[in-house]
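Structure assessment
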Amino acid sequence: MVRERDGTISGCNPGTERIFGVPQLRILGCKSLLPEVQYVNSDGTAFDVDRQPGNVALVTGLPADDVEFGIVRSDGSSRWVSASARPLFRSGESTAYA
């Protein structure tokens, strides 16, 4: 998944659709995390979205690796994921754009 600086999701692959249970057309253009999906810690409490790898990479400009959290899909099924993110920079810029 590719998330722009403003949080807009501008790209995703078929794996993203399978994990979230949401079609690509619904994912693209969404701001930050998908509202129809719940993000949880292993104890069932709400996952702090500030720890989501994409957010960490955008804010810090550093890679974020192997962050584990659960996804509870709108149909009630769940998935556990280990996610990583890499910031993207334009030539000559020090702030990540995605």
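Keep in mind that what you see is a predicted model, and the values were worked out from it rather than measured.

Cut-offs and rules
- Residues numbered from 1 in each chain as written.
- Predicted model: local features only at pLDDT ≥ 70, side-chain atom pairs only at ≥ 80, totals over all residues.
- Heavy atoms only, no water.
- Pairing = 2+ DSSP bridges.
- Helix = DSSP H or I, 4+ residues; strand = E, 2+ residues; numbered from the N terminus.
- Axes fitted to C-alpha atoms, helices over the stretch in contact; angles between N-to-C directions.
- Salt bridge = Lys/Arg side-chain N within 4 Å of Asp/Glu carboxyl O.
- Buried < 20%, exposed > 50% of the residue type's maximum accessible area, 1.4 Å probe, protein only.
- Phe/Tyr/Trp six-rings, centres within 6.5 Å; stacked < 30°, edge-to-face > 60°.

Okay, the sheet that holds strand 3 (residues 38-40) next. In spatial order, the strands read 3-4-5; together these 3 strands make up an open sheet with antiparallel pairing. Taken across any chain shown, the strands that pair with only one partner, and hence form the sheet edges, are strand 3 and strand 5 (78-85). Each adjacent strand pair in this sheet contributes to an overall mean axis angle of 40°, direction not counted. As paired elements, strand 4 (residues 64-72) and strand 5 share 7 bridges and run antiparallel to each other. Bridge pairing links Val-67 to Ala-83 in strand 5.

Taken as a whole and judged by the stated rule, the model has 4 salt bridges. The residue Arg-86 makes a salt bridge to Asp-65 at a minimum N-O spacing of 2.7 Å. Highlighted residues: Arg-86 in the segment after strand 5 and Asp-65 in strand 4, separated in sequence by 21 residues. By relative accessible area, which is 49% here, Arg-86 ends up partly exposed. Residue Asp-65 is classed as partly exposed on the basis of its relative accessible area of 42%.

A few words on the packing of aromatic side chains. Counted under the stated rule, the structure contains 3 aromatic pairs. Plain terms: the ring middles of Tyr-39 and Phe-69 are 6.2 Å apart, the flat faces sit at 55° to each other, and that makes the pair tilted. Taken as a pair, Tyr-39 in strand 3 and Phe-69 in strand 4 lie far apart in primary sequence, 30 residues in all. Assessed through its relative accessible area of 3%, Phe-69 is described here as buried. Here a set of aromatic residues connected by ring pairs shows up, and it is made of Phe-20, Tyr-39, Phe-47 and Phe-69.

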